[in-house]
Amino acid sequence: MTSWLLLGVGLAVLVTGAELLVRGASRMAAKLGISPLLIGLTIVAFGTSSPEIAVSLGAVANGQPDLALGNAFGSNTFNILFILGLSAIVCALVVQQKLIRIGVPLIIVAGAVLWIMLLDSKLGRLDGALLLLGLVTYIVSVICAARREAPKSDHDSPQAVDRKPQGVVLAVLMVLVGLGLSVLGARWLVQGCVSIAASFGVSELVIGLTIVAAGTSLPEVATSLVAAVRGQRDIAVGNVLGSNIFNILGILGLAGMVAPAGITAPPSLVNFDLVIMLAASFLCLPIMLTGFRVDRWEGGLFLAAYIGYLIFTVLNATGSDPISNTSISPL
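Per chain, residues are indexed from 1 in the order of the written sequence. Totals for whole chains, interfaces and linings use all residues, but because this is a predicted model, local features are given only for residues with pLDDT of at least 70 and pairs of side-chain atoms are given and counted only at 80 or more. Side-chain metrics in this entry use all non-hydrogen atoms of the structure; hydrogen atoms and water are not considered.

As a per-residue measure, pLDDT tells how confident the predictor is, with possible values from 0 to 100. Looking at the protein as a whole, the pLDDT averages 78, with 85% of positions reaching at least 70. Counting contacts from residues 151-164, a segment whose pLDDT is below 50, to residues more than four positions away or on other chains yields 34 contacts. Here a residue-residue contact requires only that any non-hydrogen atoms of the pair lie within 4.5 Å. Per-residue pLDDT stays below 50 along residues 320-331; that stretch engages in 21 contacts with residues further than four places along the chain or on separate chains.

Okay, the packing of aromatic side chains next. Within 6.5 Å between ring centres, the rings of Phe, Tyr and Trp (the latter by its six-membered ring) count as paired, and their orientation is classed by plane angle as stacked under 30 degrees, edge-to-face over 60, tilted in between. Under the counting rule described, the total for this entry stands at six aromatic pairs. Plain terms: the ring middles of tyrosine 306 and tyrosine 309 are 6.1 Å apart, the flat faces sit at 45° to each other, and that makes the pair tilted. Of the two residues, tyrosine 306 and tyrosine 309 both sit in helix α12 (residues 296-318), three residues apart, roughly one turn of that helix. A simple rule labels every residue: compare its accessible area, found with a 1.4 Å probe on the protein chains alone, to the largest value its type can have, and call it buried under 20%, exposed over 50%, or partly exposed in between. For tyrosine 309, a relative accessible area of 6% gives the class buried. Feature note: the residues Phe78, Phe82, Phe272, Tyr306, Tyr309 and Phe312 constitute an aromatic cluster, connected by ring pairs. What counts as a helix is a DSSP run of H or I of at least four residues, what counts as a strand is a run of E of at least two, and both are numbered from the N terminus.

Another point: the nonpolar core. Counting 82 residues, the largest nonpolar core has Phe73, Leu114 and Met288 as the members making the most contacts within it. The element contributing the most residues to this core is helix α10 (residues 233-258), with twelve residues. When sequence neighbours within four positions are dropped, the list of residues in contact with methionine 288 reads Leu84, Val95, Ile100, Val104, Val237, Leu241, Arg293 and Val294. Nonpolar cores were defined as sets of buried Ala, Val, Leu, Ile, Met, Phe, Trp, Tyr and Cys residues, with membership established by side-chain atoms within 4.5 Å.

The next thing to look at is the packing of helix α8 (residues 204-216) against helix α9 (residues 218-229). Here an angle of 0 to 180 degrees is reported between the N-to-C directions of two axes, which are lines fitted to C-alpha atoms, with helices fitted over the stretch in contact. Here α8 crosses α9 at 45°, and the two axes come no closer than 4 Å. Taken together, the axes of α8 and α9 are oblique relative to one another. On α9, the residues touching Ala214, Gly215 and Thr216 of α8 are Leu218, Pro219 and Glu220. Basically, the charged four are Asp, Glu, Lys and Arg, the nonpolar ten are Ala, Val, Leu, Ile, Met, Phe, Trp, Tyr, Cys and Pro, and anything else, Gly included, counts as polar. Considering only residue class, the contact of α8 with α9 consists of three nonpolar, two polar and one charged. Here roughly perpendicular refers to angles of 65 to 115 degrees, roughly parallel to angles under 35, roughly antiparallel to angles over 145, and oblique to all remaining angles.

Written out as structure tokens, the structure reads:
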């Protein structure tokens, strides 16, 4: 009972902290006159990914690398197939061409580079440093793009989640409190999930790929759905793609740097879960290129694909595990 209580309270604190962080960061960014698309790809995306980074780094510090990797990979698959699919079902998403040129290719390239890094089943400090360098390059390129572009009118203001004016001091306070709550909630969530995994005989990797991945992605769910309903589709799509970029380059980069001896990746993670994550990323390209929109029926396909992946993961964990016995083939 204590483990489930820790999990529930941890999730609640995580969501509350992420909400405060997103609201505060969005208000601060709005004063810079950045477009909704760029806000979604950066401030909102990184803010809603704060639970993932807190959980992954906490798991690495506590000696649970499988939970860290499972959380990052599972969150990326969840973001694309579940959140983007559900948002499209609620309201068909019109995608800007610049998002195709920036977000989707970068996710595919980052995922492919990560797969190459994990061919030796280990994410070392050098790998982590290269991923972080990629994140810095991405942030700099987005900032340069933001400088060349400004909102066309007040209607295009990037303040999608909450447009009420607030002072800078209050916005900074919200960011700090949100980060603090995210870290605290992440610690409780990790403790609860590890205890539950041990009691049910389920591996930490599966727990990370399912419960923790979905739980830490709840801020993305709320943000994208609210943005879609309010007509801020750039925020909805940018939030998902930006979060995935940050999960690969930022979270796994930091995790690789923090772990003294690097992080060992189970074969099943590289041979199956990483492949599914890459496949979901590739799936975005043709769908978004067909009229630069994600229709409701396409969102339904995304959602059905995630349900299928989830069912297979759970059944594979409770029965025979042929994937984990598969060796990694070289390039």
